[in-house]
Amino acid sequence: MNDVARPPRPSVPRSLLDRFGAVGSLVCAIHCALLPLAIAILPSLGIAAWLGDDFERGFVLFATMLGLFSVIWGYRRHGAVRALSLLLPGLAALWTGVLYDPLHHALVPHAIAMTVGGTLVGLAHLANLRLNHGHVHDASCVH
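What you are looking at is a predicted structure, and each value in this text was computed from that prediction instead of being measured.

Draft legend 1. Inspection of the confidence of the model for the protein chain at higher detail. Scored by pLDDT, the protein chain has a mean of 76; 66% of the residues are at 70 or more. At the level of individual helices and strands, the protein chain shows its lowest average pLDDT in helix H5 (residues 101-105), which scores 57, and its highest in helix H4 (residues 82-99), which scores 92.

Draft legend 2. Fine view of the side chain of Arg 77. Mapped onto the elements, Arg 77 comes out in helix H3 (residues 53-78). The buried category is assigned to Arg 77, whose relative accessible area is 10%. Of note is the side chain of Arg 77, whose polar atom sits 2.6 Å from the backbone oxygen of Asn 132.

Draft legend 3. Layout of the environment of Ala 93. Locating Ala 93 in the fold gives a position in helix H4. Relative accessible area serves as the criterion here: at 16%, Ala 93 is assigned to the buried category. Spatially, the C-alpha atom of Ala 93 lies 9.6 Å from that of His 110, the residues being 17 residues apart in sequence.

Draft legend 4. Just the packing of aromatic side chains, in detail. Counted under the stated rule, the structure contains 1 aromatic pair. When the centroid spacing of 5.3 Å and the interplanar angle of 45° are considered together, the rings of Phe 69 and Trp 73 count as tilted. Of this pair, Phe 69 and Trp 73 are both found in helix H3, 4 residues apart, which corresponds to roughly one turn of the helix.

Draft legend 5. Quick look at the environment of Leu 34. Its place among the elements puts Leu 34 in the loop between helix H1 (12-33) and helix H2 (35-45). In sequence terms Leu 34 and Ala 111 are 77 residues apart; their C-alpha atoms lie 8.2 Å from each other.

Draft legend 6. The nonpolar core, seen in detail. In terms of nonpolar packing, the biggest core is built from 14 residues, with Val 60, Ala 83, Leu 87, Leu 91, Leu 94, Met 114 and Val 121 touching the most fellow members. Broken down by secondary-structure element, the contributors of at least two residues to this core are H1, H3, H4 and helix H6 (107-133). The contact partners of Ala 83, leaving out residues within four places of it in the chain, are Val 71, Ala 124, Ala 127, Asn 128 and Leu 131.

Draft legend 7. Looking closely at H3. Here H3 contains 26 residues, and its C-alpha end-to-end distance of 36 Å stays within 8% of the 38 Å for a straight helix at 1.5 Å per residue. Among the residues of H3, Glu 56, Val 60, Ala 63, Thr 64, Leu 66, Gly 67, Ser 70, Val 71, Gly 74, Arg 77 and His 78 are the ones counted as buried. Directly beyond the C-terminal end of H3, a positive phi value near 75° is found at Gly 79.

Thresholds, definitions, all that
Residues numbered from 1 in each chain as written. Predicted model: local features only at pLDDT ≥ 70, side-chain atom pairs only at ≥ 80, totals over all residues. Heavy atoms only, no water. pLDDT = per-residue confidence, 0-100. Helix = DSSP H or I, 4+ residues; strand = E, 2+ residues; numbered from the N terminus. Buried < 20%, exposed > 50% of the residue type's maximum accessible area, 1.4 Å probe, protein only. Polar contact = N/O pair within 3.5 Å; in protein donor to acceptor, adjacent residues only side chain to side chain. Phe/Tyr/Trp six-rings, centres within 6.5 Å; stacked < 30°, edge-to-face > 60°. Core = buried A, V, L, I, M, F, W, Y, C linked by side-chain atoms within 4.5 Å. Contact = heavy atoms within 4.5 Å. Expected span 1.5 Å × (residues − 1).

Quick look at the structure:
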């Protein structure tokens, strides 16, 4: 028989949360990177509500809740801080971009803060997914 321990597959909800969070965060980063171009053409499209402060704050709040839940849940399983070390600065950048008023009046710094934040949150979800997938229960296990 083969005595090599196989890593258990992450649970479906945990895996789906990280995949959903990663895709959502990276889509958010792309949205924020393209924001200056979108503002130039929005009046002709009639969808300016998508760039409103309330929508953006709601999206960042959702990303915060999903990210914290998913990464902390993963941390309790794998014990590595890699995903958390990407998530926290990403969330700080997102909240700085949303809450700091002068950034709203200067579009380029706002777009940069949101793009960097969304990218870091997306990378945190991907790191968490990889850490959960590669976790092996053995003597080095932290739980």
